[in-house]
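The chain contents come next:
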Amino acid sequence: METSETVGGTAREPSSDELLIAGARRGDMRAFERLYRMHSGRVYGLCLRMTRRPDAAEDCVQQTFIRAWRNLSSFEGRSSFATWLHRIAVNEVLTQARNHGTRSESDETLVAELDKEQDGDGPFDAADVMDVERALHSLPDGARHAMVLQALYGYSHEEVASMLGIAVGTCKAQVHRGRRLLRERLGLPEAEL
Amino acid sequence: MSSRRLDALDETLAKLPKSVSPERDLWPEIEAQIQAERQLKPAPRGLASRWVQLAAAVLLVVGSSLVTVVVMRDVPDETRSVAQVEAPRPETIAMPASFAGYRLGEDYLKARAQLDAAFEQRLALLPPAAREKVERNLNDIRAAAREIADTLAEHPTDPLLHELLMSTYQSELQLLVDVTHMTPAPATRVQL
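This is a predicted model, so every value here is computed, not measured.

Engineer: How should I be thinking about the overall build of chain A in this particular structure?
Structural biologist: The helix and strand inventory of chain A stands at nine helices and zero strands. Reading the helices (α) and strands (β) of chain A from amino to carboxyl end gives α-α-α-α-α-α-α-α-α. When each of the 193 residues of chain A is scored for burial, the buried share is 41%.

Printed below as a string of structure tokens:
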């Protein structure tokens, strides 16, 4: 994908984003398309892991970018554009879950979708990736949402709590629970305190 | 070692792809919808239109409340002082005491309690028709505040809703203050 890996969900050098955002604010659709091409992969990955359904994740991505276009003027640059997009995406996922429930796709469909692409560093066995995705998929909604945002996309507990509309303490508890369940399901040893 | 074990999980998670390509290109549909919105109206605001409607409702209520205040200023003093006949009072609606996870501050509640007491005292001196109108307007403001607070519960991070709710609280306070300052104080034995 075109995105680069950095901490905190930032997917692109801010100056590039800023130029494109300025263009999009002036009504330049090509600039906005470029922003879409740069960020949609991460937004889709996040939505797919949160919704567990490719069709629902696609809807969320589309709504995220449509809402982003509508609200470009309110983007103040206090966070990165990627973080701003992810906030919108999480909101879409939660709204969709409220409206349509959280029916999930089978493990195989989701894992196959997630297994198509791999941008992690270094060699990694595809079977391991599938195991981890399957284990993530099996987590309860609350723990999975918090784990995906905190452990996978690198947001702080405070940011995750704000995105999900929960208390920071609740977020920490969900991540703790998620980590414990993941360790169990992946056969990793329990952490010692 | 616990840190090594935690690292093992983190390393495992770090290997997962953050970016995943959807099955199909979603851009054409996104672009089509944006273009359709641009052609339909110059300033499209799907969700925002609800807030604008709410804002319009609040402005209407505040506007009518101000009219009430102006009308009451024109009521002669002697008319006010004969407001002893009890008119049926509309059911009182209270302002929301909390919204979107926030609770009103103690300073506000304290000032509010004092103002409420003064307001009730002065309200009793108004002619029944004027009193009824003030109470109706007050209830309208409070109902609007509750509606905004309920919507805010669904969209707790919406800055426009926060602003709207704050302005509604201010409008309610302003109406209480206006009525309290405008009506004459209860007659004392010396004045009689």
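Anyway, onward from the coordinates.
Engineer: Hey, could you run me through the overall build of chain B in this one?
Structural biologist: Scanning chain B from N- to C-terminus turns up seven helices and two strands. From first element to last, N terminus to C terminus, chain B shows the α and β order α-α-α-α-β-β-α-α-α. A burial count over chain B gives 21% of its 192 residues as buried. Taking as baseline every contact in chain B between residues at least 6 positions apart, the subset at least 24 positions apart corresponds to 83%.

Engineer: Looking at this structure, how should I read helix α8 (residues 157–164) of chain A?
Structural biologist: Along an α-helix, residues three or four apart share an orientation, since each turn contains 3.6 residues. Residues and elements named next belong to chain A. Among the residues of α8, E159, V160, A161, M163 and L164 are the ones counted as buried. Close packing links the buried residues of α8 with α4 (81–100), α7 (141–152) and α9 (168–186). Two residues or fewer past α8, G165 is found with a positive phi of approximately 70°.

Engineer: Can you help me understand the packing of α7(A) against α9(A) in this one?
Structural biologist: All names here are of chain A. α9 packs onto α7 with a crossing angle of 95° between their chain directions and a minimal axis gap of 8 Å. Relative to α9, the element α7 lies roughly perpendicular. Contact residues: α7 offers G142, A143, R144, A146, M147, Q150 and A151, while α9 offers C171, Q174, V175, R177, G178 and L181. Residues belonging to the contact of α7 with α9 are distributed by class as follows: seven nonpolar, four polar and two charged.

Conventions and cut-offs
Residues numbered from 1 in each chain as written. Chains lettered and ligands numbered in written order. Predicted model: local features only at pLDDT ≥ 70, side-chain atom pairs only at ≥ 80, totals over all residues. Helix = DSSP H or I, 4+ residues; strand = E, 2+ residues; numbered from the N terminus. Buried ≥ 20, exposed ≤ 12 C-beta atoms within 10 Å, placed from the backbone. Contact = placed C-beta atoms within 7 Å. Axes fitted to C-alpha atoms, helices over the stretch in contact; angles between N-to-C directions. Parallel < 35°, antiparallel > 145°, perpendicular 65-115°, else oblique. Nonpolar A, V, L, I, M, F, W, Y, C, P; charged D, E, K, R; others polar.

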